Amino acid sequence: MPELKPCPFCGYDVKLNYDPEMAINGIWCGHCHMLVMYSNIEVYPKDTFGEAAQRYAERWNGRVQE
């Protein structure tokens, strides 16, 4: 599981969020309930869970820090 930066709003840990079919669709904070959904991340049918998780982590961790 890739390392994720903490929530930019409350500073707590975030987790990958899943849709009803157990596919990753965003990042979720269980503390402040912030949810960021990424609709433009390419996940391919042959991707492993780790490959898909890595794409989401790269997008999340690449955000601008203030």
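Since we're looking at a predicted model, the values are computed, not measured. (Residues numbered from 1 in each chain as written. Predicted model: local features only at pLDDT ≥ 70, side-chain atom pairs only at ≥ 80, totals over all residues. Heavy atoms only, no water.)

Colleague: I keep staring at the overall build of the protein chain and nothing clicks. Help me out?
Modeller: For the protein chain, the helix and strand inventory stands at one helix and three strands. With respect to the principal axes defined by its C-alpha atoms, the protein chain has extents near 35 × 25 × 20 Å. Counting over 66 residues, the protein chain shows a buried share of 30%. Of the contacts formed within the protein chain by residues at least 6 apart in sequence, a portion of 37% connects residues at least 24 apart. Distance between charge centroids for the protein chain: 3 Å, based on 6 positive and 9 negative side chains. (Helix = DSSP H or I, 4+ residues; strand = E, 2+ residues; numbered from the N terminus. Buried < 20%, exposed > 50% of the residue type's maximum accessible area, 1.4 Å probe, protein only. Contact = heavy atoms within 4.5 Å. Lys, Arg positive; Asp, Glu negative; His and termini not counted. Charge placed at Lys NZ, Arg CZ, Asp CG, Glu CD.)

Colleague: I'm lost on the sheet that holds strand E2 (residues 24–29) in this one. Help?
Modeller: Hydrogen bonds along the backbone pair up the strands of a sheet, which may run parallel or antiparallel. With respect to topology, three strands assemble into an open sheet ordered E1-E2-E3, the strand pairing being antiparallel. With partners counted over all chains shown, the strands left at the sheet margins are strand E1 (14–18) and strand E3 (35–37), one partner each. For this sheet the average axis-to-axis angle between neighbouring strands, irrespective of direction, equals 30 degrees. Against the sheet, helix H1 (residues 49–61) makes contact with E1, E2 and E3, and its axis sits at roughly 50 degrees relative to E2, the strand it touches most. (Pairing = 2+ DSSP bridges. Axes fitted to C-alpha atoms, helices over the stretch in contact; angles between N-to-C directions.)

Colleague: Whenever I open this one, the nonpolar core confuses me. Can you help?
Modeller: In a soluble, globular protein the nonpolar side chains are often hidden away together inside. Counting 15 residues, the largest nonpolar core has Leu4, Val14, Leu16, Ile27, Tyr56 and Trp60 as the members making the most contacts within it. The dominant element in this core, judged by the number of residues it contributes, is H1, at five residues. Isoleucine 27 has contacts with Leu4, Val14, Lys15, Leu16, Asn17, Met34, Leu35, Val36, Tyr38, Tyr56 and Trp60, leaving out every residue within four places of it along the chain. (Core = buried A, V, L, I, M, F, W, Y, C linked by side-chain atoms within 4.5 Å.)

Colleague: Got a minute to help me understand the packing of aromatic side chains in this structure?
Modeller: For any pair of aromatic rings, geometry is given as the distance between the ring centres together with the angle between the planes. Scanning all chains against the criterion turns up two aromatic pairs. Centre to centre, the rings of tyrosine 38 and tyrosine 56 are 6.1 Å apart; their planes meet at 55 degrees, and the pair counts as tilted. With tyrosine 38 in the loop between E3 and H1 and tyrosine 56 in helix H1, the pair connects residues that are 18 residues apart, well separated along the chain. In this structure, arginine 63 is placed above the aromatic ring of tryptophan 60, and the distance from its NZ or CZ to the ring centre is 4.4 Å. (Phe/Tyr/Trp six-rings, centres within 6.5 Å; stacked < 30°, edge-to-face > 60°. Lys NZ or Arg CZ within 6 Å of the ring centre and 35° of its normal.)

Colleague: Where do I start with the environment of tryptophan 60 in this structure?
Modeller: Within the secondary structure, tryptophan 60 sits in helix H1. Judged by relative accessible area, which is 2%, tryptophan 60 ranks as buried. When the C-alpha positions of tryptophan 60 and lysine 5 are compared, they lie 7.3 Å apart, and in sequence the two are 55 residues distant.

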